[in-house]
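# Summary of the model geometry
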Protein chains: 2
Amino acid sequence: MTWVDPLDRGRFPADEWALLEVSGPDSPARENHAQTLFNVANGYLGIRPGSGLTFINGFHETYRIRHAENAYALARVGQVMVPVPDGTCFEVTVAGVPLRDCELVSRTRRLDFRDGELIQDEVWRLPDGLEIQIRQTWLACLSRPGLAVTTLQVDAGGAPVEIAGPLRVGFAPAESPEAGDPRQAELPIDGGLELIDDAGPLAAYRCRNSRLAVVVGRRDTATAARLTRYLSYATTPFGPDGVADGLAVTLDEDLAGLKAECARTLAAAPDLAGLRAEQRAWLAAFWERGDVRVELDSPSKQLAIQQAIRFELFQLAQATAAPGEQGIPAKGLSGSGYSGHYFWDEELFILPFLTYSDPGRARQVLRFRHRMLGAAKRRAAELELAGALYPWRTINGEEASAYFPAGTAQYHISADVAYAVQQYVNATGDRGFLADGGAEILAETARMWADLGFWGDDGSFHIHGVTGPDEYSALVDDNYYTNAMARHNLRSAISAWQALGDAGELQEWRRIADAMHLGFDERRGVHPQDAQFLHREPWPAQEQRRPLLLHYHPLVIYRHQVVKQADVVLALHLLSHEFTAAEKRADFAYYDPLTTGDSTLSAATQAIIAAEVGAAELAERYFEQALFVDLADLHHNTADGVHLASAGGVWLALVAGFAGMRDSDGEIRFDPHLPPGWKSLMFSLTVGGEPTQYVFT
Amino acid sequence: MTWVDPLDRGRFPADEWALLEVSGPDSPARENHAQTLFNVANGYLGIRPGSGLTFINGFHETYRIRHAENAYALARVGQVMVPVPDGTCFEVTVAGVPLRDCELVSRTRRLDFRDGELIQDEVWRLPDGLEIQIRQTWLACLSRPGLAVTTLQVDAGGAPVEIAGPLRVGFAPAESPEAGDPRQAELPIDGGLELIDDAGPLAAYRCRNSRLAVVVGRRDTATAARLTRYLSYATTPFGPDGVADGLAVTLDEDLAGLKAECARTLAAAPDLAGLRAEQRAWLAAFWERGDVRVELDSPSKQLAIQQAIRFELFQLAQATAAPGEQGIPAKGLSGSGYSGHYFWDEELFILPFLTYSDPGRARQVLRFRHRMLGAAKRRAAELELAGALYPWRTINGEEASAYFPAGTAQYHISADVAYAVQQYVNATGDRGFLADGGAEILAETARMWADLGFWGDDGSFHIHGVTGPDEYSALVDDNYYTNAMARHNLRSAISAWQALGDAGELQEWRRIADAMHLGFDERRGVHPQDAQFLHREPWPAQEQRRPLLLHYHPLVIYRHQVVKQADVVLALHLLSHEFTAAEKRADFAYYDPLTTGDSTLSAATQAIIAAEVGAAELAERYFEQALFVDLADLHHNTADGVHLASAGGVWLALVAGFAGMRDSDGEIRFDPHLPPGWKSLMFSLTVGGEPTQYVFT
């Protein structure tokens with residue numbers, strides 16, 4: 001089968017260490033796609049170059065969720081990451097003519113994965129025919145969270161040039177958080193930023209509802225036609241532990257502190273050459289730990305694949321670089337999709353990369369989950385449950401999912417968090433983390449499972465009325481993935497509390513774990529996704545509109561045997577040691593044809609299991625679906641931001657798929673299955689504190 | 001067991017032909033309750049005396065339903081019955097003092113079920129100690145839909161009296177249709193009535209969104225301290241056939257027509273004595289056909305029960321009197337609860353009374369359902385279904401349920417409509433109605449079922465992903481009630497189309513009906529409510545907050561074996577001949593203890609089956625729960641309007657419960673089970689066009 005490069009190489013020339021784009025005047029859609037691809041971010045702040053949109057991780061507005069029909073304990077507080085004032089858009093005037101009245105002739109962008117700086121060159125034609133050249137650069141300092149630098153250079157052949165660079169507040173409240181695609185963020189009409197004060201180089205803003213404040217500092221140095229701007233940001237330390245709640249009282253001190261922090265960041269910044277050197281050093285260390293290198297028979301395919309892998313890893317770096325206890329939004333800081341919320345993407349798709357390449361960062365993300373435990377316990381109580389129930393989607397720790405059948409009903413998120421805790425402890429040997437919150441997460445989530453489920457007449461422990469990872473089924477009984485992950489959660493808690501726990505409680509967890517209902521359909525020889533699934537009607541073959549969620553009423557989707565994303569198949573990966581090879585083959589053979597892959601979380605998992613069961617070509621096809629999802633805009637919504645879980649999934653597909661790494665029993669093992677035409681695969685894993693390089697051929 | 005009268009007879013003196021209330025100054029809650037009880041209505045218009053709220057059946061505003069999280073084909077057009085301008089509230093000034101500055105000393109109301117006129121006497125005390133007497137009467141003409149009359153007489157002992165009576169527009173848009181109790185109507189913020197013109201005695205208003213217009217006519221005749229006001233209303237003929245859609249164009253002619261109609265209604269009205277005579281004549285005929293008389297051992301209990309029965313029957317009369325093809329709102333025209341929507345209440349709880357006492361009216365209601373068929377076919381297509389799917393709740397024919405798991409998912413409404421068609425045809429012998437729309441309803445709904453379900457591996461026909469009558473389970477498989485009613489629907493369609501239908505389609509319907517999956521649990525010896533129900537966890541005994549829907553998250557409710565309202569037990573009644581006596585006993589014994597009765601539709605059905613299985617005392621207890629639901633405000637929300645389905649249920653509990661009438665096989669049979677202490681039960685049924693009197697002792 002001939003390989004077809006998914007990218008238009010006229011527009012995106014291949015380069016194994018950079019993303020390049022060569023274009024003329026673009027359509028808005030292409031430009032929105034490019035703004036995502038070329039985002040520059042450092043885990044704390046992210047800029048979509050040219051859009052006027054800068055985001056800060058966790059900086060959010062709140063609003064009351066209005067339910068068209070209310071019910072008890074539905075999620076009440078909507079949260080949405082709102083853009084902070086952007087200082088990277090300039091208004092250029094040449095010979096008295098504003099640039100917006102000129103014609104864009106060409107534009108090239110280059111984002112080097114080792115430099116971590118975006119360079120954009122444009123040629124504009126004035127009404128009188130004069131062509132001018134403009135270069136702008138953007139750098140989000142990977143080792144200085146609050147700092148970004150942009151430069152602008154205009155070559156107008158001696159014509160007079162004026163440059164203005166006001167702050168832009170990109171917040172545009174939408175009429176309602178409803179229209180169209182539920183995956184897009186929309187902003188509440190009654191919220192947003194308001195300017196508090198604008199004193200010289202420091203401007204302070206505050207969200208009307210959440211009361212979170214942001215201070216923006218600017219320092220410009222300019223010569224005739226060249227401007228260098230340092231931008232610094234400081235935001236109210238918010239958090240699931242409720243720090244922001246006290247804000248109304250302490251607002252003045254808060255602001256003074258943020259201003260001082262902002263000024264310090266500017267004052268401490270070295271010159272541009274120094275910042276560039278820091279950036280390169282940070283990335284050199286990142287690639288040393290995290291690079292994945294491939295060799296293929298085909299040089300052109302190798303170049304395309306290698307570039308795309310590095311692009312994806314670079315996105316992971318940009319979304320997670322900043323130190324500190326914070327979450328990782330589903331789109332990183334590259335766009336407003338999914339409202340900047342934290343989902344299970346964080347624990348199951350992004351954290352494995354950090355756990356095995358930068359475990360200190362993984363620990364901080366898990367610490368952030370621990371800070372959410374109070375909110376998760378309150379949420380459990382609202383649902384009449386003991387222990388803690390993590391919200392399906394959140395920024396501030398409160399459940400923000402407005403549609404509970406595919407939100408709160410995904411109880412499995414609590415087991416996913418527990419899984420990540422256990423995986424981190426296994427990989428690092430950092431048992432100190434258990435005392436530092438990890439064991440508490442394991443116990444509180446275990447308590448939730450023990451209370452949620454019940455003992456059936458058959459003597460087994462059942463968990464009913466849940467939604468599994470596959471959102472094309474809802475409110476089902478004994479979802480296999482959920483039950484199996486809950487059992488893993490209980491066993492992790494038992495192991496962590498062995499010495500210190502209450503003996504009666506440990507005994508109860510053990511009884512439940514041992515009796516957890518995990519179905520097996522003898523006739524079909526597969527694990528049923530849930531108690532109902534195998535009895536449903538097959539999806540009508542002629543109904544091909546994709547994704548289903550944008551073309552069919554949920555009632556139509558729910559009653560059919562159709563899968564949005566890996567569900568049982570995800571269990572085959574995460575709980576690998578609980579299945580025989582034959583079971584994996586049978587389950588994959590059954591579920592793979594039913595899986596639409598309408599979620600971008602699906603392809604990587606399908607790739608991993610396809611590789612394991614020997615479906616090598618299929619594995620590679622799924623891998624490429626994950627690898628090019630953003631570069632080739634395969635789901636037509638990269639404009640909303642990078643699919644960061646898919647980026648983590650690319651790493652997983654390489655490491656767990658092609659190299660066949662498994663760690664679900666606490667040991668690292670490999671069972672490599674390189675795709676046809678792949679000569680070698682190289683990466684490092686940090687286990688027990690030490691990086692080790694692996695090469696598979 | 002001593003009988004305890006549920007009513008405070010100090011406040012509500014007993015009278016077998018009237019509702020009386022004696023009170024002093026009331027709390028607002030008691031007053032709101034009383035305004036519902038003393039509503040005067042004629043099926044077209046309804047007045048809540050003293051509240052400034054007048055409603056017209058089907059007169060509604062529309063608004064866009066905003067879903068907190070959107071999905072494909074969710075209901076889009078919200079509909080809400082909005083009050084029309086009310087002309088029955090007067091501003092009285094005595095000796096220069098407005099009445100609102102005086103003290104209410106006492107108030108008595110009397111609504112005679114044979115007169116159909118409400119009389120209210122009040123005593124007010126002026127600041128100077130003078131006591132004045134005010135009598136107001138209200139009469140909604142049962143034989144003249146657009147006409148109401150109110151009189152006001154002030155006896156101020158010779159002090160000068162001024163009376164003003166402006167129209168009041170009671171529309172108060174709510175901030176959102178969300179807060180609190182989902183059963184209450186809230187009005188959209190962006191809609192409402194606007195005055196178009198106010199020329200002398202005729203004033204015209206229009207709803208901003210729905211474009212429906214209402215013209216109000218007034219004619220006052222006054223003497224010194226007595227005013228008689230005739231009010232006439234005319235509204236845009238709206239309807240599910242889309243008449244209202246053309247309004248924007250034809251508004252001027254439309255208005256002219258409404259004004260002329262309004263003027264004609266006023267001009268044609270006889271004097272008050274004449275109207276009162278008409279009213280009494282109408283009611284005499286009503287009671288002749290529809291009265292139910294009881295004799296009990298205990299005279300005081302007999303009086304209380306007889307009064308309450310007549311109150312309930314009188315509410316049915318008031319909600320259904322007007323001729324013409326229209327629906328019956330869940331609260332009649334007595335309040336704004338459930339937004340004035342039509343539900344299955346209409347077909348299964350209210351229509352049986354009409355079918356067996358005033359079949360011409362039943363026919364018109366079913367004709368109205370037929371006019372909704374176009375919208376129901378469009379809705380089916382939106383859900384990828386052939387045929388017609390009736391909306392769960394609607395005024396204009398479009399689905400208005402904003403929460404699909406307990407709305408659109410209740411597919412059974414289509415079978416309920418078909419059941420009512422079949423019941424009407426059986427009872428009346430009016431096969432002409434089949435040609436006049438009835439057969440088309442049967443065929444289109446049968447087509448929907450054939451497409452919704454599928455053939456399982458077991459050779460049976462299954463219907464998955466539905467919600468049955470019990471809203472405390474959602475999105476279940478093979479709900480017994482739904483499958484059994486769908487089979488009845490298919491068989492009714494086969495019977496109607498025997499001669500004319502497509503042979504292939506009839507054959508398919510027959511195969512499906514014969515293979516319909518109707519479960520039976522051998523171990524428990526009961527019919528499972530659905531495929532999952534019997535496997536769910538029992539409801540925790542300590543969780544006693546009621547109604548569950550206001551105290552527990554839906555996820556908590558859905559995963560337990562707990563029932564909001566009769567589900568399997570309703571099938572035992574409606575499809576009586578499909579069950580053995582032993583099955584009925586077993587099913588009732590199983591489900592009755594699980595049934596919270598949080599829906600007022602439940603008690604009557606439980607009463608019917610309790611009577612049949614010989615649980616006589618329980619049957620009477622359920623009967624009284626239905627009988628006094630509004631008089632004693634047992635569900636604490638009669639302020640929102642009369643529970644009209646419960647009123648129909650009272651009639652059913654008497655006729656189908658205590659007299660044991662069954663007609664589900666097309667024949668009328670009786671199997672009387674009078675409660676202990678009941679000496680006789682008398683009523684008439686109109687079957688085959690002729691009324692017959694029945695007496696059970």
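Residues numbered from 1 in each chain as written. Chains lettered and ligands numbered in written order. Predicted model: local features only at pLDDT ≥ 70, side-chain atom pairs only at ≥ 80, totals over all residues. Heavy atoms only, no water.

## Structural notes on the interface of chain B and chain A
- Every contact between the two is made by 55 residues of chain B and, on the other side, 56 residues of chain A.
- Buried area between chain B and chain A, summed over both chains or domains, comes out near 4900 Å², and the portion from carbon and sulfur atoms is 53%.
- Summed over the shared surface of chain B and chain A, the result is eight salt bridges.
- At the boundary of chain B and chain A, one finds 10 residue pairs in polar contact (both at pLDDT 80 or more). (Contact = heavy atoms within 4.5 Å. Buried area = accessible area lost by both parts, 1.4 Å probe. Salt bridge = Lys/Arg side-chain N within 4 Å of Asp/Glu carboxyl O. Polar contact = N/O pair within 3.5 Å; in protein donor to acceptor, adjacent residues only side chain to side chain.)

## A short note on the sheet that holds strand S1 (residues 18-23) of chain A
Residue and element names in this part refer to chain A.
- Spatial strand order, S1-S9-S10-S11-S12-S17-S16-S15-S14: nine strands in an open sheet with antiparallel pairing. The open sheet has two edge strands with one neighbour each: S1 and strand S14 (193-199). Within this sheet the neighbouring strands show an average axis-to-axis angle of 15 degrees, counted without direction.
- Across eight bridges, strand S11 (residues 131-140) lies against strand S12 (residues 147-155) in antiparallel orientation. By the bridge assignment, Leu-139 is partnered in S12 with Val-149.
- Strands in contact with helix H1 (residues 28-37) are S1 and strand S9 (103-112); relative to S9, the strand with the most contacts, it is inclined by about 25 degrees.
- Against the sheet, helix H4 (residues 299-320) engages S1 and S9, with an angle of about 105 degrees to S1. (Pairing = 2+ DSSP bridges. Helix = DSSP H or I, 4+ residues; strand = E, 2+ residues; numbered from the N terminus. Axes fitted to C-alpha atoms, helices over the stretch in contact; angles between N-to-C directions.)

## Looking at the pairing of strand S5 (residues 60-64) of chain A
Residues and elements named next belong to chain A.
- With four of five residues buried, S5 is to be regarded as a mostly interior element.
- Relative to strand S6 (residues 77-81), S5 runs antiparallel, the two being bridged by five bridges. The partner of His-60 across the bridge, within S6, is Met-81. (Buried < 20%, exposed > 50% of the residue type's maximum accessible area, 1.4 Å probe, protein only.)

## As for the relation of the copies chain B and chain A
- Take chain B, turn it by 180 degrees, move it 0.0 Å along the axis, and it overlays chain A with an RMSD of 0.1 Å. What we have between these two chains is a two-fold relation. (Least-squares fit on C-alpha atoms with pLDDT ≥ 70 in both.)

## Some words on the confidence of the model for chain A
Residue and element names in this part refer to chain A.
- Per-residue pLDDT for chain A averages 94, and the proportion of residues at 70 or more is 96%.
- Low pLDDT (under 50) marks residues 242-249, which in the prediction has eight contacts with non-local residues, meaning those over four places away or in another chain.
- Across the whole predicted complex the pTM is 0.95, and at the interface the ipTM reaches 0.94. (pLDDT = per-residue confidence, 0-100.)

## Concerning the pattern of salt bridges
- The full count for this structure, using the stated rule, is 94 salt bridges over all chains.
- A salt bridge links Lys-259 of chain A to Asp-197 of chain A, with the shortest nitrogen-to-oxygen separation between them at 3.0 Å. Of this pair, Lys-259 of chain A sits in helix H2 (residues 247-268) while Asp-197 of chain A sits in strand S14, placing them 62 residues apart in sequence.
- Owing to a relative accessible area of 24%, Lys-259 of chain A belongs among the partly exposed residues under this scheme.
- Under the relative-accessibility criterion, Asp-197 of chain A is labelled partly exposed at 23%.
- Between Arg-523 of chain A and Asp-457 of chain B there is a salt bridge, and its shortest N-O distance comes to 2.9 Å. One end of the pair, Arg-523 of chain A, is in the loop between helix H11 (503-515) and strand S21 (537-538); the other, Asp-457 of chain B, is in the loop between strand S19 (454-455) and strand S20 (461-462), on a second chain. Accessibility classification places Arg-523 of chain A together with Asp-457 of chain B in one group, the exposed group.
- Residues joined in a network through salt bridges with shared partners are Arg-11, Glu-21, Glu-31, Arg-107, Arg-109 and Glu-122 of chain A.

## Details of the packing of aromatic side chains
All names here are of chain A.
- If you walk through the whole model with that rule in mind, you get 58 aromatic pairs over all chains.
- With a centroid separation of 5.3 Å and 75 degrees between ring planes, the pair formed by Tyr-338 and Phe-343 is classed as edge-to-face.
- A relative accessible area of 23% means that Tyr-338 is categorised as partly exposed.
- What makes Phe-343 buried here is its relative accessible area of 6%.
- When the centroid spacing of 5.0 Å and the interplanar angle of 65 degrees are considered together, the rings of Phe-623 and Phe-658 count as edge-to-face. (Phe/Tyr/Trp six-rings, centres within 6.5 Å; stacked < 30°, edge-to-face > 60°.)

## As for the nonpolar core
- Within the largest apolar cluster, 393 residues are counted, with the highest numbers of intra-cluster contacts made by Phe-623 of chain A together with Phe-623 of chain B.
- Once residues within four sequence positions are removed from consideration, Phe-623 of chain A is found in contact with Ile-305, Ile-309, Ala-607, Val-650, Ala-653, Leu-654, Phe-658 and Trp-678 of chain A.
- Formed by 16 residues, the second largest nonpolar core is a distinct cluster that contains Val-92, Trp-124, Ile-132 and Ala-156 of chain B. (Core = buried A, V, L, I, M, F, W, Y, C linked by side-chain atoms within 4.5 Å.)

## Some thoughts on the environment of Glu-31 of chain A
Residue and element names in this part refer to chain A.
- Among the structural elements, Glu-31 can be located in helix H1.
- Taking the C-alpha atoms as reference, Glu-31 lies 8.4 Å from Ala-639; in sequence the two are 608 residues apart.
- At 2.9 Å, the side chain of Glu-31 and the side chain of Arg-107 are in polar contact.

## Remarks on the side chain of His-462 of chain A
All names here are of chain A.
- As for its position among the elements, His-462 is in strand S20 (residues 461-462).
- Since its relative accessible area comes to 9%, His-462 is described here as buried.
- Side-chain polar atoms of His-462 contact the side chain of Asp-458, separated by 2.9 Å.
- With residues near it in sequence (within four places) discarded, His-462 still touches Gly-453, Phe-454, Gly-456, Asp-478 and His-517.

## Focus on helix H4 (residues 299-320) of chain B
- The end-to-end C-alpha distance of H4 of chain B, which contains 22 residues, comes to 31 Å, matching closely the 32 Å that a straight helix rising 1.5 Å per residue would cover.
- Across the 22 residues that make up H4 of chain B, a large majority, 18, are buried. (Expected span 1.5 Å × (residues − 1).)

## Here we look at the packing of helix H8 (residues 412-428) of chain A against helix H9 (residues 432-452) of chain A
All names here are of chain A.
- Between H8 and H9, the shortest axis-to-axis distance is 10 Å and the interhelical angle comes to 150 degrees. Comparing the axis directions of H8 and H9 gives the class roughly antiparallel. Handedness of the H8/H9 crossing: left-handed. Side by side, H8 and H9 meet where His-412, Ser-414, Ala-415, Val-417, Ala-418, Val-421, Gln-422, Tyr-424 and Val-425 of the first sit next to Phe-433, Leu-434, Gly-438, Ile-441, Leu-442, Thr-445, Met-448 and Trp-449 of the second.
- For the contact of H8 with H9, the per-class residue count stands at 12 nonpolar, five polar and no charged. (Parallel < 35°, antiparallel > 145°, perpendicular 65-115°, else oblique. Left-handed = near helix turned anticlockwise from the far one by under 90°. Nonpolar A, V, L, I, M, F, W, Y, C, P; charged D, E, K, R; others polar.)

## Focus on the sheet that holds strand S2 (residues 40-41) of chain B
All names here are of chain B.
- Spatially, three strands are ordered S2-S3-S4 in an open sheet, and the strand pairing comes out antiparallel. At either margin of the open sheet sits one strand with a lone partner, and together these are S2 and strand S4 (53-56).
- Sheet topology note: the strand S3 (residues 45-48)/S4 ladder contains four bridges and is antiparallel. When the bridges of S4 are listed, Ile-47 appears paired with Thr-54.

## Observations concerning the packing of helix H15 (residues 602-612) of chain A against helix H17 (residues 644-658) of chain A
Residues and elements named next belong to chain A.
- One can describe the packing of H15 onto H17 by two numbers: an axis separation of 8 Å at closest approach and a directional angle of 10 degrees. If you check the angle between H15 and H17, you find them roughly parallel. Residue-level contacts link Ala-604, Ala-607, Ile-608 and Ala-611 of H15 to Gly-649, Val-650, Leu-652, Ala-653, Ala-656, Gly-657 and Phe-658 of H17.
- Among the residues making up the contact of H15 with H17, the classes are represented as nine nonpolar, two polar and no charged.

## With respect to unusual backbone geometry
Residues and elements named next belong to chain A.
- Residue Pro-547 is bonded to the preceding Arg-546 through a cis peptide linkage, with omega at -15 degrees.
- Of note, Pro-547 is situated in the loop between S21 and helix H12 (554-558).
- In the Ramachandran plot, Glu-384 falls in the positive-phi region, its phi being about 65 degrees despite a non-glycine side chain.

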